[in-house]
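Take a look at the letters that make up each chain.
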Amino acid sequence: MTTQTLREARKYEEASGKLISKEERPDFHLTPRAGWMNDPNGFSYYKGQYHMFYQYYPYESKWGPMHWGHAVDEEDIPKGSSRFDFRDPKMWKKADGTYACVVGNRPADGSGQILLYESADGFQWKFKSVLVSNCDRFGKMWECPDFFELDGKWVLLISPQDMLPKGFEYHNGNGTVCMIGEYDEASGTFKEEHDQSIDYGIDFYAPQTILMPDGRRVMIGWMQNWDTCDFRAQHLTWFGQMTLPRELSIKNGRLYQTPIKELEKLRHSPVKYKDVFFSGDLCLEGINGRRADLELIIRPSEKGVCYRKFALRFAQNDEFWTLLSFHPGDSIIKIDRKFSGSRRAIIHQRRCLVNSEGGKLKLRIILDRFSAEIFVNDGEHVLTITLYTDQAAEGIRFFADGNVQMDVIKYGLA
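Residues numbered from 1 in each chain as written. Predicted model: local features only at pLDDT ≥ 70, side-chain atom pairs only at ≥ 80, totals over all residues. Heavy atoms only, no water.

Quick look at the overall build of the chain now. Within the chain, the secondary structure is distributed over one helix and 25 strands. Reported as C-alpha extents along the three principal axes, the dimensions of the chain are approximately 80 × 50 × 40 Å. Within the span of the chain, comprising 414 residues, buried residues form 49% of the whole. Restricting to contacts in the chain with at least 6 residues of sequence separation, those with at least 24 account for 53%. For the chain, the exposed area adds up to about 21300 Å²; of that, 53% sits on carbon and sulfur atoms. Computed over 54 positive and 58 negative side-chain charges, the inter-centroid distance for the chain is 3 Å. (Helix = DSSP H or I, 4+ residues; strand = E, 2+ residues; numbered from the N terminus. Buried < 20%, exposed > 50% of the residue type's maximum accessible area, 1.4 Å probe, protein only. Contact = heavy atoms within 4.5 Å. Areas by Shrake-Rupley, 256 points an atom, 1.4 Å probe, with all protein chains shown as cover. Lys, Arg positive; Asp, Glu negative; His and termini not counted. Charge placed at Lys NZ, Arg CZ, Asp CG, Glu CD.)

Rendered as structure tokens:
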């Protein structure tokens, strides 16, 4: 059990310890992270590791009210790796009945790495290898790793903190990355062949997967962004939600995500329109609601003449709406919630580059009162957002700059 005294001491030593440079310490003698130490106690060897307990006062470099310090040899962690940024283990059982585990960690350069461990029984673990090193490519500390085989490839999912943008693929802040490649189990090495964002929206972090009894790999993520946690309806008595479970696959070397097939059992009361030709604003009878599963196919209505912009407004009334727009000229899709009722200057827009042949685009948009999950081209890209617009704003409206031909199916969700 972690006491408040211990939590405060750890927080203090974490902050103050960073201010002490390597040159200010002995190279090979044990020192405290911060403050005062005296009297080695409990010097022992237990289950393959050496332990040193000592009297300790973290808050000043002189004797004070005593705490217990604890140091342990790091033969199970690579040299220079952090014992504090060591978290989010994901374990699995291998074909031979033994176990493996990946752990998020921070090496000496501070930029993140994934460690691989093995165990014969699931209780005693041995360090195997550094599976992947960040080397300042994707943010800093890597959290919430998941590692699994899928469609003949190996997939590593990570959630890097403090990312910098990279084109339309990665955005600022805490993000998600999928790496696809080959894994040599004997050596514990992973060869990356492709990387991509897992989700291109605003609110998605820390995904984890499970292997279903029927062989499907299903992922669920936290539908939130650490940088936008203040974007909420203040009257609500809850905060935070998870995404829909998503079935994963690899196509053309890329991760695809589709809503779990069981969702289709909740569909009812379909409203269908086929070959709708329009330009400008359009509202279709029966196409509305805040709990809906909406499927769209859009394409130019004239061969060889492409429209300039398509847009969809949902969760709309006279004052508020959330916007999804697509520009076929540069194949950029954008989600925008700045008119969704927020009074704070937080993240409200995200863009990504999608594949579109001649302006044709397939969309599936799933609304559940306070969120939207948008699946592009059968899950080639996914954009996830939360929104807290008043529930009375349930309009759905279309817009085209140029001539568009559109098929629409809207299902209610029970």
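That was the structure; now back to the text.
Moving on to the pattern of salt bridges. Taken as a whole and judged by the stated rule, the model has 26 salt bridges. With its nearest N and O atoms 2.9 Å apart, the salt bridge here joins Lys140 to Asp136. The class for Lys140 is partly exposed, based on a relative accessible area of 34%. For Asp136, a relative accessible area of 45% puts it in the partly exposed group. Its salt-bridge partner being Glu193, residue Lys153 comes within 2.9 Å of it at the nearest N-O pair. Here Lys153, found in strand β9 (residues 153-160), pairs with Glu193, found in strand β11 (residues 189-196); they are 40 residues apart in sequence, far enough to count as distant. Its relative accessible area of 23% is what places Lys153 among the partly exposed residues. In this structure Glu193 comes out as partly exposed when scored by relative accessible area, which is 44%. Connected through shared salt-bridge partners, Asp85, Arg87, Arg106 and Glu143 make up one network. (Salt bridge = Lys/Arg side-chain N within 4 Å of Asp/Glu carboxyl O.)

Below, the discussion takes up the packing of aromatic side chains. With the rule as written, the count across this model stands at 13 aromatic pairs. Ring centres of Phe86 and Tyr117 lie 6.1 Å apart, and the angle between their planes is 85°; on these two criteria the pair is classed as edge-to-face. Of this pair, Phe86 sits in strand β4 (residues 86-93) while Tyr117 is found in strand β6 (residues 113-119), placing the two residues 31 residues apart along the sequence. Among the residues examined, Phe86 registers a relative accessible area of 32% and is labelled partly exposed. (Phe/Tyr/Trp six-rings, centres within 6.5 Å; stacked < 30°, edge-to-face > 60°.)

Here the focus is the sheet that holds strand β10 (residues 177-184). Taken in spatial order, the four strands make up an open sheet running β8-β9-β10-β11, and their pairing is antiparallel. Each of the sheet's edge strands pairs with one partner strand only, and the pair in question is β8 (142-150) and β11. Within this sheet the neighbouring strands show an average axis-to-axis angle of 30°, counted without direction. By the bridge criterion, five bridges tie β9 to β10 in an arrangement that is antiparallel. Of the residues in β10, the one forming a bridge with Ile158 is Val177. (Pairing = 2+ DSSP bridges. Axes fitted to C-alpha atoms, helices over the stretch in contact; angles between N-to-C directions.)

This part is about the nonpolar core. Among the nonpolar cores identified, the biggest contains 37 residues, and Leu296, Phe310, Phe314, Ile333, Phe398 and Met406 are the most heavily contacted of them. Here this core takes six residues from strand β25 (residues 395-413), the largest share from any one element. Apart from residues lying up to four places away in sequence, Phe310 is in contact with Phe278, Leu296, Ile298, Leu324, Ser325, Phe326, Leu363, Phe398, Phe399 and Met406. In this structure, Phe138, Phe147, Tyr170 and Phe190 belong to the second largest nonpolar core, which totals 19 residues. (Core = buried A, V, L, I, M, F, W, Y, C linked by side-chain atoms within 4.5 Å.)

Evaluated as defined, the whole model comprises one cavity of 30 Å³ or more. For the largest cavity, the calculated volume is near 130 Å³. Lining of the largest cavity is provided by 14 residues; of these, Asn174, Gly175, Thr176, Asp199 and Arg350 occupy positions nearest its centre. Partitioning the lining of the largest cavity into residue classes produces four nonpolar, eight polar and two charged. (1 Å grid on protein atoms, 1.4 Å probe; cavity = no way out; pocket = protein on both sides within 12 Å on 5 of 7 lines; lining within 4 Å. Points joined across faces, edges and corners; volume = space filled by probe spheres on them. Nonpolar A, V, L, I, M, F, W, Y, C, P; charged D, E, K, R; others polar.)

Attention now goes to the side chain of Ser82. Take Ser82: it is sitting in the loop between β3 (67-72) and β4. Looking at Ser82, the relative accessible area reads 17%, which means it is buried. Within the structure, the side chain of Ser82 is placed 2.8 Å from the backbone nitrogen of Asp85, a separation counted as a polar contact. Beyond its immediate chain neighbours, meaning those up to four positions away, Ser82 contacts Asn105 and Arg106. (Polar contact = N/O pair within 3.5 Å; in protein donor to acceptor, adjacent residues only side chain to side chain.)

Here we come to the environment of Glu380. Inspection of the secondary structure assignment puts Glu380 in the loop between β23 (371-376) and β24 (381-386). Given a relative accessible area of 9%, Glu380 falls into the buried group. C-alpha of Glu380 to C-alpha of Ser249: the two residues are 131 residues apart in sequence and 9.9 Å apart in space. If sequence neighbours within four positions are ignored, Glu380 has contacts with Arg254, Leu255, Tyr256 and Asn355.

A positive phi is found at Ala206, a non-glycine position, where the angle reads about 55°. Inspection of the secondary structure puts Ala206 in strand β12 (residues 205-211). The phi dihedral of Ala315 is positive, around 45°, even though this residue is not glycine. Looking at the secondary structure, you find Ala315 in strand β18 (residues 309-316).

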